[in-house]
Amino acid sequence: MYIENISLRNYRNYTELNLAFENKVNVILGENAQGKTNVMESIFVLAMAKSHRTSNDKELIRWDEEYAKIEGRVRKRNTSIPLELTISKKGKKAKCNHIEQRKLSQYVGNMNVVMFAPEDLNLVKGSPIVRRRFIDMEIGQVSPVYLHDMSQYHKILQQRNHYLKLLQTRKQTDTTMLDVLTDQFIQYAAKIVERRYEFLSKLQQWAEPIHSGISRNLEVLKIQYKPSLDVSESMDLTKMIEVYTEKFDKIKKREIERGVTLVGPHRDDLVFFVNDRDVQTYGSQGQQRTTALSLKLAEIELIHEEIGEYPILLLDDVLSELDDFRQSHLLNTIQGKVQTFVTTPSVDGIDHQTLREASTFYVSQGSIKKVK
């Protein structure tokens, strides 16, 4: 899988931009604040219908304009599929093959991407929300059902929290509606947790040998799901629902007192262990970075396993954050099999055949030209 071209209109600092890409490494050079990352972000947004940098879609629209539009063609096996995303103050419209998609969950997955940016190095040491976002975005790319379930889950969570607030402040006293929302909440929560366990089991199978290779066989990586209540991978859906139901019965009074939902996938976390030690607490910066890199490379292989094609890899200003050995490992892994986009101020000091053979673009003040 690779993206053949992209067109931007009123996107960030670009009034209009049209670029064609080759199915290899594409390096985007330029000083900071010139628009390198905006190009990278636009590819991500075209794939995922949301940004990795902001949750406010309005920031993607060029100043004083009404809308932003991203168009591109993705080559999958022997077909070329046009994708289009329009972002306005009213919301988003997505088209695949010129047909508007009723739901974004039906659109996401037509183009698969793996993003590796400096903030992903916080995957290990950052807050649980970073790790939950990582799981949800990766499963969502290969499972429209999961995206739909997550969307429904968050709607019910919002409604449930709102009703708990009403009960807390005595604006409501009848708990019947809370019980209805709790039942709906549990159904989606159990399905989400079951799918996360399944995904992480596959991610573990890929990440462990990759991490071993990067650490020169000195380290063993283990990924552990940390749910907010006592469920486990060995449980089936019925058992999980039973455990959730019992828990919510027990904490009902406390939730009303607090006015918020206390357990569920929105409060779960991941823990990474290297040689049986928690990397977040006890790992060196090098171990934390190796773990993050291993997870991203494992993602590429997992998506390939799920859909039969390699995703597009986006490396946003991350090469300079890695030492020579990790840089080489990353570039050796992608060489010749994954269309890759690299943004960097300079390739000086990175001596690797992959970059010597790359297409190169130069960005300056919102205009781009191909230099190689």
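Here the structure is shown first, and the text comes after it.
This write-up is about the structure you can find in this document.

About the cut-offs
Residues numbered from 1 in each chain as written. Predicted model: local features only at pLDDT ≥ 70, side-chain atom pairs only at ≥ 80, totals over all residues. Heavy atoms only, no water. Salt bridge = Lys/Arg side-chain N within 4 Å of Asp/Glu carboxyl O. Buried < 20%, exposed > 50% of the residue type's maximum accessible area, 1.4 Å probe, protein only. Phe/Tyr/Trp six-rings, centres within 6.5 Å; stacked < 30°, edge-to-face > 60°. Helix = DSSP H or I, 4+ residues; strand = E, 2+ residues; numbered from the N terminus. Pairing = 2+ DSSP bridges. Contact = heavy atoms within 4.5 Å. Axes fitted to C-alpha atoms, helices over the stretch in contact; angles between N-to-C directions. Expected span 1.5 Å × (residues − 1). Core = buried A, V, L, I, M, F, W, Y, C linked by side-chain atoms within 4.5 Å.

Topic: the pattern of salt bridges
It is possible for side chains of opposite charge to pair when their charged atoms get near one another.
Part 1 of the reasoning: Under the counting rule described, the total for this entry stands at 23 salt bridges.
Part 2 of the reasoning: In this structure, Asp-323 and Arg-326 form a salt bridge, with 2.4 Å as the shortest nitrogen-oxygen distance.
Part 3 of the reasoning: Assessed through its relative accessible area of 16%, Arg-326 is described here as buried.
Part 4 of the reasoning: It is possible to trace a salt-bridge network through shared partners that takes in Glu-4, Arg-73 and Arg-75.

A look at the packing of aromatic side chains
Part 1 of the reasoning: Inspection of every chain in the model, using the stated rule, returns six aromatic pairs.
Part 2 of the reasoning: Note on Tyr-153 and Phe-185: the rings are 4.8 Å apart at their centroids and 35° apart in plane angle, and the pair reads as tilted. Remark: Phe-185 occurs in helix H6 (residues 176–214) and Tyr-153 occurs in helix H5 (residues 144–168); sequence separation between them is 32 residues. The burial state of Tyr-153 is the same as that of Phe-185; both residues are buried.

Comments concerning unusual backbone geometry
Part 1 of the reasoning: Notably, Ala-49 is not glycine yet its phi reads approximately 65°, a positive angle.
Part 2 of the reasoning: Inspection of the secondary structure assignment puts Ala-49 in the loop between helix H1 (36–48) and strand S4 (67–76).
Part 3 of the reasoning: Overall, the relative accessible area of 4% leaves Ala-49 in the buried class.

As for the side chain of His-52
Part 1 of the reasoning: By the element assignment, His-52 lies in the loop between H1 and S4.
Part 2 of the reasoning: A residue is classified by how much of its surface remains accessible, and His-52, at 10% relative accessible area, is buried.

Some points on the sheet that holds S4
Part 1 of the reasoning: The strand order across the open sheet built from six strands is S2-S1-S4-S5-S6-S7, with neighbouring strands paired in antiparallel fashion. Strands with a single pairing partner mark the edges of an open sheet, and in this sheet they are strand S2 (14–20) and strand S7 (99–100).
Part 2 of the reasoning: Bridging between strand S1 (residues 2–11) and S4 involves seven bridges; their strand directions are antiparallel. Across the sheet, Ser-7 pairs through a bridge with Glu-71, a residue of S4.
Part 3 of the reasoning: Its contacts with the sheet place H1 against S1, S2, S4 and strand S5 (79–88), and it is angled at close to 110° to S1.

Focus on H1
Part 1 of the reasoning: An ideal rise of 1.5 Å per residue puts 18 Å on 13 residues; H1 measures up with 19 Å between its terminal C-alpha atoms.
Part 2 of the reasoning: Judged by how many residues are buried, H1 sits mostly within the fold: 13 of 13 residues are covered.
Part 3 of the reasoning: Of the residues flanking the end of H1, it is Ala-49, one or two places downstream, whose phi is positive at about 65°.

A look at the pairing of S1
Part 1 of the reasoning: Two elements, S1 and S2, share six bridges in a ladder whose sense is antiparallel. Pairing of Asn-5 across the sheet is with Ala-20, part of S2.
Part 2 of the reasoning: Counting the residues between successive antiparallel strands, the hairpin from S1 to S2 contains two residues, one of them, Arg-12, with a positive phi of roughly 50°.

Quick notes on the nonpolar core
Part 1 of the reasoning: Membership of the largest hydrophobic core comes to 76 residues, with the highest contact counts inside it found for Leu-203, Val-231 and Leu-330.
Part 2 of the reasoning: If one sorts the elements of this core by residue count, H6 sits on top with 16 residues.
Part 3 of the reasoning: Look past the residues within four positions of Leu-330 in its chain and what remains in contact with it is Leu-293, Leu-297, Leu-313, Leu-315, Leu-319 and Leu-322.
Part 4 of the reasoning: By size, the runner-up hydrophobic cluster in this structure holds 43 residues, among which are Met-1, Tyr-14, Val-39 and Met-48.

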